[in-house]
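Results of the structural survey
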Amino acid sequence: MRQFVQSLRLWFAPQRIGDEGETPDYRFSLANERTFLAWIRTALALVGGGFAVDQFLPDLRWAVRVGLSLALLAAGVLCALRAVNHWIRCERAMRRGEDLPVSRFPAVLSLTVAVVAVAMVVLVVFGRAG
Amino acid sequence: MGGPAPGSAAAADRDPGLQPERTRLAWRRTTLSCTVVAVLGVKLAFVDGATAAGVTGLALSALLWIGFLAVAHRRIRALDTARPRVLSVRAAVLATGCTIALAVCGAVLIW
């Protein structure tokens, strides 16, 4: 959490990141940028999935449908926030010559997506049958 | 967005791993994803016909999509050199902000 607050300060004072360490090889920065973009696409896919659940599963009960949609949208928002946070932390670590930050976010996201997928299968199969 | 012509001086100076090109294509893919989400958002806004909330949703979706497009376009232009500068924090925060705002608009409409 303390790390998150620290990187949050960097978001709004971007010139500070240039003050630390040395500029790394541009190729490392570009690779970091592509990783950031891949996370943004994951976030966009989750947001799109949330929109799609609301529109293409109209047979579900309102509460279930809205609950699933909002869960996916919330996951998308978290994913986008994490994308920019992780990008800035990696950029800073490269400037300082430190190890890249590790994170348990990928594991948490995978488990969340798996749970939502199983819930959707159950809802669609039993929703149709019942 | 064509790169330098083969055999020109700029081509000799090019990154052999094509890193700027790959990054540019990553921005294009991301813009495409954003377009899909914006179109789904517009569809979401018109579930109940042309209501006031629907028109507002449409306008916001379009605005956020254009915002993302502008950020991506600026960055794609900046990547058109052999040694591009680092992505600015402002651009990263703006791209993220457009994504989050799309999600929030959708959540309000779904609710």
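Quick caveat, the model's predicted, so the values are computed rather than measured. (Residues numbered from 1 in each chain as written. Chains lettered and ligands numbered in written order. Predicted model: local features only at pLDDT ≥ 70, side-chain atom pairs only at ≥ 80, totals over all residues. Heavy atoms only, no water.)

A count of helical and extended segments in chain B gives four helices and zero strands. When the helices and strands of chain B are read in sequence order from the N terminus, they spell out α-α-α-α. Here chain B holds 111 residues, and the buried ones make up 39% of them. Within chain B, residue pairs in contact and separated by at least 24 positions form 71% of the contacts whose partners lie at least 6 positions apart. Accessible area of chain B: about 6,000 Å², with a carbon and sulfur share of 67%. (Helix = DSSP H or I, 4+ residues; strand = E, 2+ residues; numbered from the N terminus. Buried < 20%, exposed > 50% of the residue type's maximum accessible area, 1.4 Å probe, protein only. Contact = heavy atoms within 4.5 Å. Areas by Shrake-Rupley, 256 points an atom, 1.4 Å probe, with all protein chains shown as cover.)

Turning our attention to the UniProt feature "transmembrane region" (unreviewed entry) in chain A. Residue and element names in this part refer to chain A. The sites that carry the UniProt feature "transmembrane region" (unreviewed entry) are, in the present numbering, residues 36-56, 62-84 and 105-126. Helix makes up 100% of residues 36-56 and strand 0%, whereas the separation of the span's terminal C-alpha atoms amounts to 30 Å. In residues 105-126, helix accounts for 100% and strand for 0%; the two terminal C-alpha atoms are 31 Å from one another. (UniProt positions renumbered as here; feature names shortened; annotations may be inferred.)

Taken together, the 37 residues of chain B in the interface contact 34 residues of chain A. Between chain B and chain A lies a buried interface of about 3,300 Å² when both sides are counted; carbon and sulfur atoms form 76% of it. Counting every contact that joins chain B to chain A gives one salt bridge. For Arg75 of chain B, the salt bridge identified is with Glu33 of chain A, shortest N-O distance 2.7 Å. Viewed at the interface, chain A and chain B are joined by nine residue pairs in polar contact (both at pLDDT 80 or more). The biggest single contributor to the side of chain B that touches chain A is helix H2 (residues 19-45) of chain B, with 15 residues. Here the residues of the side of chain B that touches chain A are counted per class, giving 22 nonpolar, nine polar and six charged. (Buried area = accessible area lost by both parts, 1.4 Å probe. Salt bridge = Lys/Arg side-chain N within 4 Å of Asp/Glu carboxyl O. Polar contact = N/O pair within 3.5 Å; in protein donor to acceptor, adjacent residues only side chain to side chain. Nonpolar A, V, L, I, M, F, W, Y, C, P; charged D, E, K, R; others polar.)

Those residues carrying the UniProt feature "domain: DUF202" (unreviewed entry) are residues 15-78 of chain B in this numbering. Helix and strand shares over residues 15-78 of chain B are 84% and 0% respectively, and the end C-alpha atoms of the span are 15 Å apart.

Detailed conclusions should not be drawn from predicted coordinates in areas where pLDDT is low. Chain-level pLDDT for chain A is 87 on average; 95% of the residues reach the 70-or-more range. Mean pLDDT across the secondary structure elements of chain A bottoms out at helix H2 (residues 15-19) of chain A, with 72, and peaks at helix H3 (residues 26-56) of chain A, with 93. (pLDDT = per-residue confidence, 0-100.)

Turning to the UniProt feature "transmembrane region" (unreviewed entry) in chain B, a few remarks are in order. Sites flagged by UniProt as "transmembrane region" (unreviewed entry) map to residues 52-71 and 91-110 of chain B. Strand forms 0% of residues 91-110 of chain B and helix 100%; the C-alpha atoms that close the span are 29 Å apart.

Bringing the pattern of salt bridges into the picture now. Throughout the structure, instances matching the rule amount to five salt bridges over all chains. Of the charged contacts in the structure, one is a salt bridge between Glu98 of chain A and Arg96 of chain A, with a shortest N-O distance of 3.7 Å. The exposure class of Glu98 of chain A is partly exposed, given its relative accessible area of 44%. In this structure, the salt-bridge partner of Asp80 of chain B is Arg24 of chain B, at a minimum N-O distance of 3.1 Å. Of the two residues, Asp80 of chain B sits in the loop between helix H3 (52-78) and helix H4 (89-110) while Arg24 of chain B sits in helix H2, which places them 56 residues apart along the sequence. Given a relative accessible area of 34%, Asp80 of chain B falls into the partly exposed group.

All names here are of chain A. One pass over the full model with this rule turns up three aromatic pairs over all chains. Note on Trp39 and Phe105: the rings are 5.6 Å apart at their centroids and 70 degrees apart in plane angle, and the pair reads as edge-to-face. Here Trp39 is found in helix H3, whereas its partner Phe105 is found in helix H5 (residues 105-129), with 66 residues between them in sequence. Here the basic side chain of Arg82 rests over the ring of Trp39, its NZ or CZ set 4.5 Å away from the ring centre. (Phe/Tyr/Trp six-rings, centres within 6.5 Å; stacked < 30°, edge-to-face > 60°. Lys NZ or Arg CZ within 6 Å of the ring centre and 35° of its normal.)

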